Each structure stands twice: as C-alpha cells, then as structure tokens.
Amino acid sequence: MTYDVVIVGAGVAGCTAAILYGRAGLRVAIIEKHHNISTHKALCGHFVLGGTQPMLRRTGLWQAMVDEGAAVGGIARWTAAGWAVPEPGLPECISLRREKLDPLLRTLAAGTPGVDLVLGRTVTGLMESGGQVTGVRVGDEEIPARLVVGADGHRSPVAQFAGVAEDVAPNERFGLWAYYRGVVPRGPAESQIWSLDPDVGILVRTDDDLHMLVAFPAKARLADFQADRAGALERFMASLPDAPDLSSAERVSKVIGTNDYPCVKRDPAPRPGLVLVGDAAITGDPTPAVGCGWAFRAAEWLVESTTPALLDGWDLEAGIAAYRKALGFIVSHDRFSRQDALARPMNPVQKLINKGAHRDPKLARRVYLFAMRAIPASDLINLRTLLRAAWAATRP
Ligand SMILES: Cc1cc2nc3c(=O)[nH]c(=O)nc-3n(C[C@H](O)[C@H](O)[C@H](O)COP(=O)(O)OP(=O)(O)OC[C@H]3O[C@@H](n4cnc5c(N)ncnc54)[C@H](O)[C@@H]3O)c2cc1C
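Residues numbered from 1 in each chain as written. Predicted model: local features only at pLDDT ≥ 70, side-chain atom pairs only at ≥ 80, totals over all residues. Heavy atoms only, no water.

Student: Mind laying out the pattern of salt bridges, listing which residues take part and the relevant values?
Tutor: Enumeration over the complete set of coordinates arrives at 24 salt bridges. One salt bridge connects Asp207 with Lys100, and the closest N-O pair in it is separated by 3.4 Å. You can see Asp207 sitting in the loop between β15 (200-206) and β16 (210-216) and its partner Lys100 sitting in helix α4 (residues 98-110), a full 107 residues away along the chain. In this structure, Arg221 and Asp199 form a salt bridge, with 2.8 Å as the shortest nitrogen-oxygen distance. Placement of the pair is Arg221 in the loop between β16 and α6 (229-238) and Asp199 in the loop between β14 (191-195) and β15, with a sequence separation of 22 residues. Put simply, Arg97, Glu99, Lys100, Arg181, Asp207 and Asp208 are held in one network by salt bridges that share partners. (Salt bridge = Lys/Arg side-chain N within 4 Å of Asp/Glu carboxyl O. Helix = DSSP H or I, 4+ residues; strand = E, 2+ residues; numbered from the N terminus.)

Student: Can you tell me about the domain arrangement of the protein, naming the residues and giving the values?
Tutor: One can read the domain layout of the protein as domain 1 (3-46 + 97-170 + 262-338), domain 2 (175-258) and domain 3 (347-394). A separation of 27 Å is found between the C-alpha centroids of domain 2 and domain 3. (Domains from an automatic or database assignment.)

Student: Residues and numbers for the UniProt feature "domain: FAD-binding" (unreviewed entry) in the protein, please.
Tutor: UniProt's entry tags residues 3-165 with the feature "domain: FAD-binding" (unreviewed entry), counted in the numbering of this structure. Helix makes up 27% of residues 3-165 and strand 33%, whereas the separation of the span's terminal C-alpha atoms amounts to 27 Å. (UniProt positions renumbered as here; feature names shortened; annotations may be inferred.)

Student: I'd love a proper account of the sheet that holds strand β3 (residues 47-48), names of residues and values included.
Tutor: Read across the sheet, three strands follow the order β3-β7-β4 without closing on themselves; strand pairing throughout is antiparallel. Each edge of the open sheet is held by one strand with a lone partner, namely β3 and β4 (71-73). (Pairing = 2+ DSSP bridges.)

Student: Go over the site of the ligand with me, naming the residues and quoting the values.
Tutor: Near the ligand there are 36 residues, and of these Glu32, Lys41, Gly45, Asp279 and Cys292 occur at the shortest range. Within the backbone of Gly45, a nitrogen or oxygen atom sits 2.7 Å from a nitrogen atom of the ligand. In the environment of the ligand, an oxygen atom lies 3.4 Å from a nitrogen or oxygen atom belonging to the backbone of Ala289. In isolation the ligand exposes 1,000 Å². Once the protein is present, 93% of that is buried. For the shell around the ligand, the elements supplying multiple residues, two or more each, are α1 (12-23), β2 (28-32), α4 and α7 (291-312). By residue number, the principal contributor to the shell around the ligand is α7, which donates four residues. Grouping the amino acids of the shell around the ligand by side-chain chemistry returns 17 nonpolar, eleven polar and eight charged. (Near = heavy atom within 4 Å. Polar contact = N/O pair within 3.5 Å; in protein donor to acceptor, adjacent residues only side chain to side chain. Areas by Shrake-Rupley, 256 points an atom, 1.4 Å probe, with all protein chains shown as cover. Nonpolar A, V, L, I, M, F, W, Y, C, P; charged D, E, K, R; others polar.)

Student: Describe the environment of Asp152, with residues and values.
Tutor: Inspection of the secondary structure puts Asp152 in the loop between β11 (141-150) and α5 (157-161). In sequence terms Asp152 and Phe296 are 144 residues apart; their C-alpha atoms lie 14 Å from each other. Every residue in contact with Asp152, bar those within four places of it in the chain, is listed here: Val8, Gly9, Pro157, Val158 and Ala280. A polar atom in the side chain of Asp152 sits 2.8 Å from the side chain of Ser156. (Contact = heavy atoms within 4.5 Å.)

As structure tokens, this is what we get:
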C-alpha cells in the first residue's frame, strides 16, 4: 500500500503533522524508533511560548494539554532595567513535562482515523526513483509514500540519508535544570526569566505543582557547575534578583542538561517528495524556549500547505514552496537567536529597547510579543522601534 504521507519520528512535530493530515482525510504512517508509547525526550524544557497558543487552541491540543495538568500563564522578564510583567490579555505560555506530552501526542495521533502509528521501527534509508524520494526503508521493508516527512529531531537521520547540508552556528551557553516541589516565587509572576547578560536564569511553573529551576550560563562558567551540579544550580538561582525562596523546596529529579548544543539549520525541502519539519529543519538555541512551539507551528504550516495537493492532486511542489515560505517566520527569528546564543554582552540597541520598554507600555507589549514569538521579528527590529525606544528612554 502507498501512503499519502510517511512521517519519520513521533515527537512534537511528527505527531502534530500526523494528527492534522489524518483529520484532513489522508492516509498516514508515522514511524517511531522507540517501542514504548511513553518514551519521551528528556533533554527538553517543554515551556511553550505564547506565540503558539492560537495554533494549539485551533487544533484542540491546548485543551488536551490542560486536561493532562499543563500549567498556563505569562512569564515576567528581568533585565538590568527592571521587571517587565505581561499585561492581561497577552498570549499565554503552556508547560507540560515531556513525560506527559509525548505519550499524549502519540495517543492522539494513534486515535486519529487514517493514521497508523508504528512503534519500535527505525527508518534506515530512503526509497528513491529518478531523483524523487518515494518512501522510506525500515530494514528490508519498503514503505512507499507520495510525501516523506523527516520529523526525526536535531540529528535527523532522514536528512543524512538525503545528504542534506547543515548550517551550524555555535552556542556559547550550556544549560542545566531540575524539578522542585515547594518553590515560592518572589518575582512578579509564577514563571520568570532573568536576562543577566550574558547568563540566563529561568523559573518555570509546570504540571503536578512542580517548578523547574533552569540555568543557561556562559560557557566560561562551565567549571563552576561541574563538581556539584545541583548545588551550583541552587546557588545560581539564589543569587538572582528577587530570587525564588528555596528554603522549603525539595528536588524531585536528577539534574538534566547539556554542555554544548549548537544551532542547526537545514533546507526544509531538500529533494522532491521530501520535507523536514521541527528540529530536523531548524534546531534553535534552547535558551529562549522556542523549539516545541516551532515544531507545533511548522507542522501546521506543512499540513496546510501540502494537503490540497495530496488530497485533490494539485501541484505538490507548489505546496512545498508555500511551506518553505511560511518557515521564513522562524528563520528570521532564528537569525537573532543565533546572535544571542553567542552569549555576548547586550549591544547598545538591545539595552536601549529594554530601557525604553520599561517606560513605555506600548513598546513593552511589542517586546513581549517578540519574546513569545507571536509577531514577525521585523515587527520589533526596525527603525520605528528604535526611535520609540530612544524617545521613551530619554523622557524625564
Ligand atoms: C536543553 C534543551 C532545552 C529545551 N527546552 C525547550 C523549552 O523549554 N521549550 C521548547 O519549546 N523547546 C525546548 N527545547 C527544544 C525542543 O526539545 C525541540 O525543539 C523539540 O523536541 C523538537 O521536536 P521534534 O518533534 O522536531 O523532535 P523530537 O521531539 O526530538 O522528536 C524526534 C523523534 O524522532 C524519532 N526518531 C529519530 N530518528 C528516527 C528514525 N531513524 N526512525 C524512527 N524514529 C526516529 C525520535 O525517537 C523522536 O521521537 C529544548 C531543547 C534542549 C536541547
């Protein structure tokens, strides 16, 4: 049997694409190398930024996550200019640990008519004919499809099988975090981020009444965090302005983290019949917590762009071109994230915008929407913003 779509990888991007293709009436196979539906990605902070809220609500995934106990709310940001607190009505963030999110998405995908979730099978190669990708290989077995979707994460074996080039940029921060019960936030919101320039601290309220304490320090401080990672993490959090009260807090997980996580970008439509989505297309800096949101949203753009061709025989390459264009939203944000990932001190323009936003609610709103990835990067980074920031910052 030839599927309309074969998706490699049942993570955030793969499951979302499978659910939406299935709902559109297409025949989909989603192939996941892990046997157990509950196996989840450990290296993920799962804080989904507010820019993803409309998509999650449209698709019903927001409510499904809330029903699993997800924590919902805004995030306050500390910079040298002071606290910036989101005003009511701005898009909210959502956080559900991957140990709940991954099984939820896989269960929803498996329950969608037209979708076959195939667990415990590793895609080992691509089927090709005349330069066109025509399906995938799982060992000796061939699974043909009209469209192959690589949703197989930041290392993307599918991209490697297709010989796709990688655009890699350095990340000069490392990251570590752990889950705690009994944390009392002292800042102006339940979830908070401290931009210490260049170190970053984050406090995230998540499901099951837990908080995540997160540190993304510059790599120059790596040695300070090696010997006693939990102690170093707690000392780092305690040193933050308006630091959370940890006196009654209990750590309920091991310390999780990564010492090196470069940014990777690949052509999202490298060959006829093949597209990449989620981390396989763009793996951004984890510090601003963008990856799951991008994976959800890119999957929706992919399905919207290609379904008319797959369903009604319209031009598939035109649909894929529309998907590539939609991804431009992520690419333009990723350009700035790559600069931030260098962990250099804030430049005068960033300082001016932060200072201006602290005095001007309209600018503060725009900065928040940018941080939530709810507006195109160009809506903040432009001459108008600079002039407004200069006006606000120099007002008596
Ligand atoms: C330190 C860190 C912190 C992060 N924190 C956040 C955060 O707070 N918020 C946020 O939004 N994002 C965060 N991210 C990013 C986020 O984890 C990723 O962007 C997101 O998981 C990407 O989803 P995906 O579906 O593209 O890939 P994945 O979730 O990685 O899924 C890929 C799937 O493909 C499967 N697979 C791989 N190869 C094969 C194969 N050959 N055959 C079959 N199956 C295969 C894998 O088993 C996996 O299930 C963080 C990342 C890191 C590293």
